[in-house]
Amino acid sequence: CATADEVVAFTDGARKEGWNPGLNDAELYSTTDPNGFFLGFIGDKQIASISGVKYGNSFGFIGFYIVDPEYRGKGYGIQIFRAAMDYLQGCTIGLDAVEQQEENYKKSGFTSVYENNRFEGCGGGEIPSTECLVDLKNIKLSTILEYNKKVFPDIRRDFTEKWIHQDNSFSYGFVKNGVKDGILLGYGVIRKAVNGYKIAPLYADSYEVAEDLFLALRSRIES
């Protein structure tokens, strides 16, 4: 497993691949599952990395899967991939795959279920004029975790709390009928990334709620 100092370097590896991770991503994932980060070496030279983070006991996610370009196609990647898969044995496992690698992941039992599209734009604008938008930090964590049951396959209490309170981030919830006894209809977080800011997650019960959350998050970033 990777040490705490080595985990920080995962962000740099992702940056070099053009993935633009959040500045706190690797640290937050590693505190969620300190045993879920792996490195591959030839002698003293690090040539590969991967994370296999467990959320609770039933779900895990693979990320930061990178092999140095000069060592690709030589079987080193599949070795570290299998190490992460073995670590997540017994869990339902998710991952994001570049299109060129989909067929390879299918050989390991994965099925493509949706596509990701990345959009970029400018910050700024006005926050929507609705009392339903509230600072997510003012909403009970238990309320957020209850909402998460609709959108995520396992409980991730510590991770959710740390994600909401991470440095260089803003978050909003959309609450109907007041924050004290109201109903949470969605929430979102925007965080500082290597380049600019990234929104994730953004969960909502409707397109209208999603738009208000998006505009609120965007408004916190200077254009």
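Details of the structure are given in the entry above.
Now for a quick tour of the structure.

### A short note on the overall build of the protein
Consideration 1: Scanning the protein for helices and strands turns up 7 helices and 8 strands.
Consideration 2: Rg of the C-alpha trace for the protein: 19 Å, near the compact-globule value of 17 Å for 223 residues, within the 12% margin.
Consideration 3: Considered along the principal axes of its C-alpha atoms, the protein spans approximately 60 × 40 × 35 Å.
Consideration 4: Relative to its full complement of 223 residues, the protein shows a buried share of 39%.
Consideration 5: For the protein, the share of sequence-separated contacts (at least 6 apart) that also reach a separation of at least 24 residues comes to 60%.
Consideration 6: For the protein, the accessible surface area stands at approximately 13,400 Å², while carbon and sulfur atoms represent 47% of it.

### Digging into helix 3 (residues 76–87)
Consideration 1: Here helix 3 contains 12 residues, and its C-alpha end-to-end distance of 17 Å stays within 8% of the 16 Å for a straight helix at 1.5 Å per residue.
Consideration 2: Taken together, the buried positions of helix 3 are occupied by Gly77, Ile80, Phe81 and Ala84. The buried residues of helix 3 occupy an angular sector of 105 degrees when the element is viewed end-on, so they sit on one face. In helix 3, the exposed residues that point more than 90 degrees away from the buried face are Gln79, Arg82 and Asp86.
Consideration 3: For helix 3, the secondary structure elements touched by its buried residues are strand 1 (37–42), strand 2 (45–55), strand 3 (59–67), strand 4 (92–95) and helix 4 (102–106).

### Concerning the packing of aromatic side chains
Consideration 1: Considering all chains together, one arrives at 18 aromatic pairs under this definition.
Consideration 2: When the ring of Phe38 is compared with that of Tyr87, the centres are 5.6 Å apart and the planes differ by 70 degrees; the resulting orientation is edge-to-face. Highlighted residues: Phe38 in strand 1 and Tyr87 in helix 3, separated in sequence by 49 residues.
Consideration 3: Relative accessible area serves as the criterion here: at 13%, Phe38 is assigned to the buried category.
Consideration 4: Consider the rings of Tyr55 and Phe152, whose centres lie 5.3 Å apart with planes at 85 degrees: the pair is edge-to-face. A residue pair is termed long-range when its members are at least 10 positions apart, and Tyr55 in strand 2 and Phe152 in the loop between helix 5 (141–148) and helix 6 (157–164) qualify at 97 residues.
Consideration 5: Aromatic rings pair up to connect Tyr29, Tyr55, Phe59, Phe152, Phe159 and Trp163 into one cluster.
Consideration 6: Directly above the aromatic system of Tyr55 lies the positively charged group of Arg156, at a separation of 5.5 Å from the ring centroid.
Consideration 7: The residue whose ring lies beneath Arg156 is Phe152, and the NZ or CZ to ring-centre distance is 3.5 Å.

### Section: helix 1 (residues 4–16)
Structurally, the α-helix is built with 3.6 residues per turn, so residues lying three or four positions apart point the same way.
Consideration 1: Within the span of helix 1, buried status applies to Val7, Phe10, Thr11 and Ala14. End-on, the buried residues of helix 1 take up no more than an arc of 95 degrees, which puts them together on one face. Structural note: helix 1 exposes Asp5, Val8 and Lys16 on the side pointing more than 90 degrees away from its buried face.
Consideration 2: Phi turns positive, to about 85 degrees, at Gly18, one or two residues after helix 1.

### Re the packing of helix 5 against helix 6
Consideration 1: Contact pair helix 5 / helix 6: the axes reach a minimum separation of 11 Å and the direction vectors enclose 115 degrees. Our classification of the angle between helix 5 and helix 6 gives roughly perpendicular. Relative to helix 6, helix 5 is oriented so that their crossing is right-handed. Across the interface between the two elements, Leu141, Ile144, Leu145 and Asn148 from helix 5 touch Arg157, Thr160, Glu161 and Ile164 from helix 6.
Consideration 2: By residue class, the composition of the contact of helix 5 with helix 6 is 4 nonpolar, 2 polar and 2 charged.

Rules used in this analysis
Residues numbered from 1 in each chain as written. Predicted model: local features only at pLDDT ≥ 70, side-chain atom pairs only at ≥ 80, totals over all residues. Heavy atoms only, no water. Helix = DSSP H or I, 4+ residues; strand = E, 2+ residues; numbered from the N terminus. Rg over C-alpha atoms; globule rule 2.2 N^0.38 Å. Buried < 20%, exposed > 50% of the residue type's maximum accessible area, 1.4 Å probe, protein only. Contact = heavy atoms within 4.5 Å. Areas by Shrake-Rupley, 256 points an atom, 1.4 Å probe, with all protein chains shown as cover. Expected span 1.5 Å × (residues − 1). Arc of directions from axis to C-beta. Phe/Tyr/Trp six-rings, centres within 6.5 Å; stacked < 30°, edge-to-face > 60°. Lys NZ or Arg CZ within 6 Å of the ring centre and 35° of its normal. Axes fitted to C-alpha atoms, helices over the stretch in contact; angles between N-to-C directions. Parallel < 35°, antiparallel > 145°, perpendicular 65-115°, else oblique. Left-handed = near helix turned anticlockwise from the far one by under 90°. Nonpolar A, V, L, I, M, F, W, Y, C, P; charged D, E, K, R; others polar.

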